[in-house]
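# Structural features, examined
Residue-level listing of the chains:
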Amino acid sequence: MTGIKQLREECGDELFCAGNSTCAGCGLELAIRWAMKALGPRTAMVAPASCLNVVVGLWPKTAPAFPFINMAFAAGGAAATGIRAAYDAKGIKDMNVVVFAGDGGTTDIGIQALSGAAERGSNIIYVCYDNEAYMNTGRQRSSSTPYGATTTTTPTGKRQHKKNLPLIMASHGIYVATASVSDIPDLYDKFKKAASLPGCKYIHIMAPCPPGWRYDASKTVEIADLIVRTGTWILYEIENGKLRLTGKSRNLLEKAKRMPIVNYLTEQGRFNQVSEEDIQILQDWVDRNWEEVKHWM
Ligand SMILES: Cc1ncc(C[n+]2csc(CCOP(=O)(O)OP(=O)(O)O)c2C)c(N)n1
Ligand code: SF4
Ligand SMILES: [Mg+2]
């Protein structure tokens, strides 16, 4: 794994520049900055409707120092496939083509275009930065919002569990990785790996959002670490159908090693209303997810 010292030496210029308008402590900003440090400037990015569309700013003062296109909500996978086809037609072989989409734009609205790109084997990297709701429009629930979380459309707490999109994408037989903004070397290595592989690759990043999750902006990395240490978000990569745990998740296969989920929930205002019964339902869901992961190992 790339160490912190090596990361510092390897990383080139900042490609997602100052002047962007993310909120303080935005997990999306950490995710895109480090993804781009791994991918480098020969990268074209498609951004379906999301916070990312807005925070880049308006031309000529836009934050990305690389080709960037805002896209219709449903069309991320299709647009990236088209861009790759255009590069191929022009004989340009050294560009990464990347979709950077929110959880709403991935797990709900963009899933058919993503599934199509994966099935066709389009040579793209599709990234979902997951802040677990439609944040840009004021915090509505998505299929990636966890059970119990309040949003404006689930004011008493969501009653359905989070959709497991990484494993749905793994069922397409492609390279899949999960990541967290609390473990940058792990995230960095997964982008480097994805860029080196042919076909469609899928990376799902847990990217906390202070105003949406209702916690202090200084705690983003701490919260992103807690979600991993409680086993609520599992770090792994799946290559050729085999799952390999990475980062802190490597030591958490045994339930006794995982912190109880309540330690993660109490840090965030969005879980203020959960009952003891809800906490147990969430804990059981976490434990079931670990059992599921074992089937892929
Ligand atoms: C077809 C369509 N419906 C609704 C919208 C309005 N809209 C823009 S961004 C957004 C929320 C996106 O949520 P997500 O994909 O999770 O990204 P986030 O805002 O959380 O970064 C919505 C509903 C739109 N642009 N297009
Ligand atoms: S609302 Fe959340 S995801 Fe959007 S810019 Fe602010 S912190 Fe980032
Ligand atoms: Mg979102």
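As a reminder, the structure under discussion sits directly above these lines.
Residues numbered from 1 in each chain as written. Chains lettered and ligands numbered in written order. Predicted model: local features only at pLDDT ≥ 70, side-chain atom pairs only at ≥ 80, totals over all residues. Heavy atoms only, no water.

### Some details on the coordination of the magnesium ion (ligand 3)
Donor atoms from the polypeptide that bind the magnesium ion (ligand 3) are Asp103 (OD), Asn131 (OD1) and Ala133 (O), placed at 2.0 to 2.1 Å. Linear spacing of the donor residues for the magnesium ion (ligand 3) on their chain is D-x27-N-x1-A. In this pair, aspartate 103 is assigned in the loop between strand S3 (96–102) and helix H5 (104–108) and asparagine 131 in the loop between strand S4 (125–130) and helix H7 (165–170), connecting sequence segments 28 residues apart. The exposure classification of aspartate 103 matches that of asparagine 131, with both residues buried. (Donors = N, O, S within 2.8 Å, 3.2 Å for Na, K, Ca; no water. Helix = DSSP H or I, 4+ residues; strand = E, 2+ residues; numbered from the N terminus. Buried < 20%, exposed > 50% of the residue type's maximum accessible area, 1.4 Å probe, protein only.)

### A look at the environment of cysteine 23
In this structure, cysteine 23 sits in the loop between helix H1 (4–10) and helix H2 (27–39). In sequence terms cysteine 23 and alanine 49 are 26 residues apart; their C-alpha atoms lie 17 Å from each other.

### Quick word on the packing of H2 against helix H8 (residues 184–196)
For any two helices packed against each other, one specifies the crossing angle of their axes together with the interaxial distance. Across the interface, H2 lies against H8 with an axial gap of 8 Å and an inter-helix angle of 45 degrees. With respect to H8, the element H2 is oriented oblique. With respect to the hand of their crossing, H2 and H8 are arranged in right-handed fashion. Taking contact as the criterion, the partners of Ala31, Trp34, Ala35, Lys37, Ala38 and Leu39 in H2 are, on H8, Ile184, Leu187, Tyr188, Phe191, Lys192 and Ala195. Across the contact of H2 with H8, the residue classes tally to 10 nonpolar, no polar and 2 charged. (Axes fitted to C-alpha atoms, helices over the stretch in contact; angles between N-to-C directions. Parallel < 35°, antiparallel > 145°, perpendicular 65-115°, else oblique. Left-handed = near helix turned anticlockwise from the far one by under 90°. Contact = heavy atoms within 4.5 Å. Nonpolar A, V, L, I, M, F, W, Y, C, P; charged D, E, K, R; others polar.)

### Let's talk about the site of ligand 1
Around ligand 1, a shell composed of 15 residues is seen, among which Gly104, Gly105, Tyr129, Ala133 and Asn136 lie nearest. Glycine 105 places a polar main-chain atom, nitrogen or oxygen, 2.8 Å from an oxygen atom of ligand 1. Here an oxygen atom of ligand 1 and a backbone polar atom of alanine 133 are 3.0 Å apart. For ligand 1, the protein covers 69% of the area, taking 590 Å² as the surface of the free molecule. Each residue belonging to the shell around ligand 1 can be placed in one class, and the counts come to 7 nonpolar, 7 polar and 1 charged. (Near = heavy atom within 4 Å. Polar contact = N/O pair within 3.5 Å; in protein donor to acceptor, adjacent residues only side chain to side chain. Areas by Shrake-Rupley, 256 points an atom, 1.4 Å probe, with all protein chains shown as cover.)

Without other data, these values stay purely geometric and don't point to any function.
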